[in-house]
Amino acid sequence: MSQALQGLLDLLDLEQIEENIFRGQSRSAVVPRVFGGQVAAQALVAAGRTVPEDRLAHSLHAYFLRAGDPGAPIVYTVDRMNDGRSFTARRVVAVQHGQPIFALSASFQKHEEGFDHQAPMPSSPDPATLPTAEERMSGYGHLSPDVLEKFAEARAAVDLRYVEEPPYGKFGEPREPHSQVWFRTNGKLADDPLLHVVLATYVSDMTLLDSILLAHGRGGWAVGDVVGASLDHAMWFHRPFRADEWLLYDQESPSAHGGRGLGQARIYTQDGNLAISVIQEGVVRAPRSH
């Protein structure tokens, strides 16, 4: 296991300070606030710590309320909303400096047999043939060394490979609002199903708004031509998967309007199983001129 991945696992391993109350640490991201995927993943860890092991996460719905302070810990309080025969529901609120910064509802289910169908996996090149994030960024002389360093640090725990150039790598001309990314953790993980769901949740917030930027030829927050932030985030976990094996993140944007943009995606295992569906809306604005 890479040192970066172990550091990420340590970040997501919350301290229990009271029944239904947990504390997580923070760290800065590419932008000067707590990375939204970190808060969502930590909140899901808090919820999962209060659920029987035979119930697996099948969905989450979350709102980003305030920017997180990377210099302060985050306290997560869990509300045990329901414990039914098949389903368990939890609500988690993340608090910093006495104010809620994030709220998540998650549902867990005992394994059941049932109907089975799925949308087919789209075509995509073998991830082994694609450049690594480090290889791509080595050619981005238009980005400042500080931005490149933050990108490298943010992606060190995850092997994330774009099928085509990301918005910050090639911008200026509008492209189809569609993006594909292969990802897996940089090292093997334990067999705990919650851990794999948590890691996928963490990664899911890294690139989902990219397709919005592509439609308008914008490079995004990395080059300063967009002001953006996640507003809400929803995920449905359909089938078992491992976050330490290749997953295809197929993303698109059906709409942008009124200072907001919508991203939606499907995540497939390398052998074609639809594992996760994701939807996120974010603030996406051109910087205001002074």
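Our structure is the block above this text.
Residues numbered from 1 in each chain as written. Predicted model: local features only at pLDDT ≥ 70, side-chain atom pairs only at ≥ 80, totals over all residues. Heavy atoms only, no water.

Would you mind going over the nonpolar core with me for this structure?
Side chains of nonpolar character tend, in soluble globular proteins, to be buried together. Residues Tyr76, Phe102 and Ile276 are the most contacted members of the largest nonpolar core, which totals 67 residues. Sequence-distant contacts of isoleucine 276, defined by excluding residues within four places in its chain, comprise Ala200, Met235, Trp236, Phe237, His238, Phe241, Ala265, Arg266 and Ile267. Residues Leu130, Leu248, Tyr268 and Leu274 belong to the second largest nonpolar core, which totals six residues. (Core = buried A, V, L, I, M, F, W, Y, C linked by side-chain atoms within 4.5 Å. Buried < 20%, exposed > 50% of the residue type's maximum accessible area, 1.4 Å probe, protein only. Contact = heavy atoms within 4.5 Å.)

Mind showing me how you'd approach the sheet that holds strand β2 (residues 21-24) here?
Think of a sheet as strands paired side by side through backbone hydrogen bonds, with each pair either parallel or antiparallel. Spatially, β1-β2-β4-β5-β6-β3-β9-β12-β11-β10-β8-β7 is the arrangement adopted by the 12 strands of the open sheet, whose pairing is antiparallel. Both edges of this open sheet fall to β1 (15-18) and β7 (158-162), since each of them pairs with a single strand only. Within the sheet, the average angular offset between the axes of one strand and its neighbour, ignoring direction, is 25 degrees. In terms of strand pairing, strand β5 (residues 87-96) meets strand β6 (residues 99-110) through 10 bridges, oriented antiparallel. For valine 95, the partnering residue across the bridge sits in β6 and is proline 100. Strands β3 (55-64), β6, β7, β8 (178-185), β9 (227-237), β10 (247-257) and β12 (274-285) of the sheet are contacted by helix α5 (residues 193-207), whose axis makes an angle of about 150 degrees with β9. (Pairing = 2+ DSSP bridges. Helix = DSSP H or I, 4+ residues; strand = E, 2+ residues; numbered from the N terminus. Axes fitted to C-alpha atoms, helices over the stretch in contact; angles between N-to-C directions.)

What is the right way to read helix α2 (residues 36-48) from this model?
Each turn of an α-helix holds 3.6 residues, which means side chains three or four residues apart point in the same direction. Taking 1.5 Å as the rise per residue, α2 with 13 residues should run 18 Å; its terminal C-alpha atoms sit 18 Å apart, in good agreement. Summarising burial for α2: 13 of the 13 residues are buried, a large majority. (Expected span 1.5 Å × (residues − 1).)

Just to check I follow, could you spell out the packing of aromatic side chains for this structure?
How two aromatic rings sit relative to each other is given by the distance of their centres and the angle of their planes. Applying the stated rule across the entire model yields four aromatic pairs. Between phenylalanine 35 and tyrosine 202 the ring centres are 5.1 Å apart and the planes differ by 80 degrees, which places this aromatic pair in the edge-to-face class. Here the residue phenylalanine 35 occupies a position in the loop between β2 and α2, and tyrosine 202 occupies one in helix α5, the gap between them amounting to 167 residues. Residue tyrosine 202 is classed as buried on the basis of its relative accessible area, which comes to 5%. (Phe/Tyr/Trp six-rings, centres within 6.5 Å; stacked < 30°, edge-to-face > 60°.)

Looking at this structure, I do not really get unusual backbone geometry. What am I missing?
Leaving glycine out, the prevailing phi sign among residues is negative, and the prevailing peptide bond configuration is trans. At asparagine 20, a position not held by glycine, the phi torsion is positive, near 70 degrees. Despite not being glycine, histidine 97 has its phi angle at roughly 50 degrees, a positive value. When you line up the elements, histidine 97 lands in the loop between β5 and β6.

Explanation requested: the side chain of threonine 269 in the structure shown.
Along the chain, threonine 269 falls in strand β11 (residues 260-269). Apart from residues no more than four positions distant in its own chain, threonine 269 is found in contact with Met121, Pro240, Phe241, Trp246, Leu247 and Ala275.

Hey, could you run me through the pairing of strand β4 (residues 74-83) in this one?
In regular strands, side chains alternate between the two faces of the sheet. Here β2 pairs with β4 via four bridges, running antiparallel. Across the sheet, the residue bridging to isoleucine 21 is threonine 77, located in β4. Counted along the chain from β4 to the antiparallel partner β5, the turn is three residues long.

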